[in-house]
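Chain and residue survey
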Amino acid sequence: MGEWVGEMVGPDVWETCRDLIPAGSVFAFLAEHRGELFPAEMFADMYPSANGRPSMPPQILAAAITLQALHGLSDFETVQELRCDLRWKAACGLGLHDMAFDPSLLAYFRRRLARSARPNRIFEAVREVVKTTGVLKGKHRRALDSTVLDDVVATQDTVTRIIAAVRAVIREVPAAAEVAAVQCSAHDYTDPGKPRIAWNDEQARAELVDALVTDALRLLGHLPDRQLGDKAANAVGILALVAGQDVEPAEDSDGRDGRWRITQGTAHERIVSTVDPEARHIHKTRSHRQNGYKAHLSVEPETGLYTAVALRPGAGPEHHEAAVGLDLLAEEDTPVDAFGDTAYSTGNARQALHRAGHRLFLKPAPLRPAVPGGFTLDDFAIDTTTAIVTCPAGHTVPLSDPGGQHHQRKAFFRDLCTGCHLREQCTKAKAGRILTIRPHHNLQTAARHQAATDPGWQADYRRWRPPVERAVAWLVHHGNRRLRYRGTIKNDTWLHTRAAALNLRRLINLGLTHTSGTWHIAPAGT
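Once a new chain begins, its residue numbering starts again from 1 and follows that chain's sequence as written. Under the rules for a predicted model, residues below a pLDDT of 70 receive no local features and side-chain atom pairs below 80 are neither given nor counted, while totals for whole chains, interfaces and linings still include all residues. For side-chain calculations, the full set of non-hydrogen atoms in the structure is used, while hydrogens and water are omitted.

**Some words on a positive patch on the surface**
Applicable threshold: Candidates for patches are residues over 30% relative accessible area with no salt bridge; among them, like charges are joined within 9 Å and nonpolar side chains (Val, Leu, Ile, Met, Phe, Trp, Tyr) within 5 Å. For the area figures, the Shrake-Rupley method with a 1.4 Å probe applies, and any residue is considered shielded solely by the protein chains shown. Take a side-chain nitrogen of Lys or Arg and a carboxyl oxygen of Asp or Glu: if they are within 4 Å of each other, that pair is a salt bridge. His is not counted, nor are the chain ends, whereas Lys and Arg count as positive and Asp and Glu as negative. Taken as the charge centre is NZ of Lys, CZ of Arg, CG of Asp or CD of Glu, depending on the residue. Counting from the N terminus, the helices are DSSP H or I runs at least four residues long and the strands are E runs at least two residues long.
Where like charges cluster on the molecular surface, the positive patch consists of Arg111, Arg115, Arg486 and Lys490. Looking at the secondary structure, you find arginine 115 in helix 6 (residues 104-115).

Structure, rendered in structure tokens:
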């Protein structure tokens, strides 16, 4: 990478206006230690050509996007601050008369970051500062949580999605326009708007959906058989998904006559927008629904520092809290005390974390009795070693071998429930009570017992689990619950930068300083 040889435009703001920059702020810290935190060699791999040099030093851009993530600003707003605010000029090393740069340079820099071998290097740089200071030494607790971040694009209805997907195929796939001209007649696909119909007429809406789906299927079925590029293949895949996820055969159709209606329900991992096909419907609670992504956090609860973060789509087993939680704790050098709510308390997660040596303070999911107020699984004596199950009435039955997709075991009481004096507290099933025993049953039973009977466990959970909620509040403050970018990769990079900025602010508040070539936390009052 060639070195940037530009000259400062006007007086050095930090040297001439230092007294105007709030002491102890992120601005003052970056003005004084920007070079140590973001050295030029940190970005050398992003600019590999020896024949050119970046139009703006990457360490200045790194400081700018760190402040941008901290304050929740757009690219345009960030550049305005760099032009007009002395604090921003000092923090990023610009001269008093410097007009900064075009906002597109920030997008260009983020794109280079995302495509590099270390897209989260800013977060890693701050994490290295955390490690060097020793601020987490002896602090062995990690609290896990997730929160929904709203997508930047508007949610599309079924009609809009299908039309947008057809238009994308026509635009991206070679010869698709000619096929559409012959096969698609439900709508003028040169018009991005909705068809003109009586939208309050249910029959008219149904006929439109049927015609649009038919158009989509005809287009897909008549495309030339050829190798497609990434954009074209992606457009075809999205059209196939949206044409199938929201519709089902018409009420009196056998599914083979090509008549369709909007499905009664929601498809698994349903695409909510063709503009951002990775966004999903998310149910954080039964009553509250959002569209977007989930941010997953691992936080040291005493200091409030983010030790690991990840942004994932909001649906799919591989993106569940328990699965992502394992990834968040994977980089811990030593076993920790892991705190989390019921979302992290799956059998697979417990087994994996136990094997890694972590102590678990994960709230077990409550058991649901078959009869309100009746017996739960824990009221039965279940010996998975001898494969024997005994019910509260003293009846004993064998436990089946593992079977099915989830390797579950079952205990059938059947005729033993007939005439049992405890039946009304146990089951309403005519065939008698059937117990389903999932893998890792013993781990889950022990966890429920510990959570219900161990005062020390309960005290630790009440003390150390809630601070992660404060970390979530910091993360989404200043309008940062709504994302600014499309796609998992860009938003994950933003999340890491945001967490890095918040960690840096927290470290500064704790007394972060750089002396004798290394980072320290200065005790209060020194």
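**Comments concerning the pairing of strand 1 (residues 141-150)**
Each regular strand displays side chains that alternate between the two surfaces of the sheet. To keep things clear, this is the line we draw: The buried label goes to any residue with under 20% of its type's maximum accessible area, the exposed label to any with over 50%, and the partly exposed label to all in between, with areas taken from a 1.4 Å probe on protein chains only. Think of it this way: DSSP has to see at least two bridges between two strands before they count as a pair.
For strand 1, the buried fraction is high: 10 of the 10 residues fall into the buried class. Residue alternation in strand 1 divides its side chains into two sets, Arg141, Ala143, Asp145, Thr147 and Leu149 and Arg142, Leu144, Ser146, Val148 and Asp150, and both sets are buried. The pairing of strand 1 with strand 7 (residues 337-340) spans 3 bridges and is parallel. Counterpart to arginine 142 in the pairing with strand 7 is alanine 338. Judged from the 8 bridges that link them, strand 1 and strand 5 (residues 289-300) form a sheet pairing that is antiparallel. In the strand pairing of strand 5, aspartate 145 is matched with leucine 297.

**Here we look at the nonpolar core**
So the rule is basically this: We define the nonpolar core as a collection of buried residues of types Ala, Val, Leu, Ile, Met, Phe, Trp, Tyr and Cys that are connected through side-chain atoms lying within 4.5 Å of one another. Any pair of residues with heavy atoms lying within 4.5 Å of one another is described as a contacting pair.
Residues Leu30, Leu37, Phe38, Phe101, Phe109 and Tyr306 are the most contacted members of the largest nonpolar core, which totals 83 residues. Aside from chain neighbours lying at most four places away, what touches phenylalanine 38 is Leu30, Phe43, Gln59, Ala62, Ala63, Thr66, Ile122 and Ala125. If you look at the next biggest cluster of nonpolar residues, it comprises 28 residues, including Ile162, Ala165, Leu212 and Ala243.

**Some remarks on the pattern of salt bridges**
One side chain can pair with another of opposite charge once the charged atoms of both are near each other. Under the counting rule described, the total for this entry stands at 14 salt bridges. The partner of arginine 18 in a salt bridge is glutamate 15, and the shortest N-O contact between them spans 3.6 Å. Judged by its relative accessible area of 35%, arginine 18 is partly exposed. For glutamate 15, a relative accessible area of 55% gives the class exposed. Connected via shared salt-bridge partners are Asp145, Asp341, Arg465 and Glu469.

**As for the sheet that holds strand 11 (residues 396-398)**
The line we're drawing: Axes here refer to lines fitted to C-alpha atoms; in helices the fit is confined to the stretch in contact. Angles between the N-to-C directions go from 0 to 180 degrees.
With respect to topology, 3 strands assemble into an open sheet ordered 9-10-11, the strand pairing being antiparallel. Bordering the open sheet on either side are strand 9 (381-383) and strand 11, each of which pairs with just one other strand. Taken over all neighbouring pairs, the strand axes of this sheet differ in orientation by 15° on average, direction set aside. By the bridge criterion, 3 bridges tie strand 10 (residues 388-390) to strand 11 in an arrangement that is antiparallel. Of the residues in strand 11, the one forming a bridge with threonine 390 is threonine 396.

**What to know about the confidence of the model for the chain**
Rules: For every residue, the predictor states its confidence as a pLDDT score lying anywhere from 0 to 100.
Overall, the prediction assigns the chain a mean pLDDT of 88, with 90% of residues at 70 or greater. Per-residue pLDDT stays below 50 along residues 1-5; that stretch engages in 20 contacts with residues further than four places along the chain or on separate chains.

**Remarks on the packing of aromatic side chains**
Convention followed: Each pair of aromatic rings taken from Phe, Tyr and Trp, with Trp reduced to its six-membered ring, is defined by centres within 6.5 Å and is described as stacked if the planes are under 30 degrees apart, edge-to-face if over 60, and tilted in the remaining cases. Criterion for a charge above a ring: Arg CZ or Lys NZ at most 6 Å from the ring centre, at most 35 degrees from the ring normal.
Tallied over the entire structure, the rule returns 7 aromatic pairs. When the ring of phenylalanine 339 is compared with that of phenylalanine 361, the centres are 4.5 Å apart and the planes differ by 15°; the resulting orientation is stacked. A residue pair is termed long-range when its members are at least 10 positions apart, and phenylalanine 339 in strand 7 and phenylalanine 361 in strand 8 (residues 359-362) qualify at 22 residues. Following the ring pairs from residue to residue traces out a cluster consisting of Phe339, Phe361, Trp457 and Tyr461. Positioned above the aromatic ring of phenylalanine 412, the side-chain terminus of arginine 414 is 4.4 Å from the ring centre.

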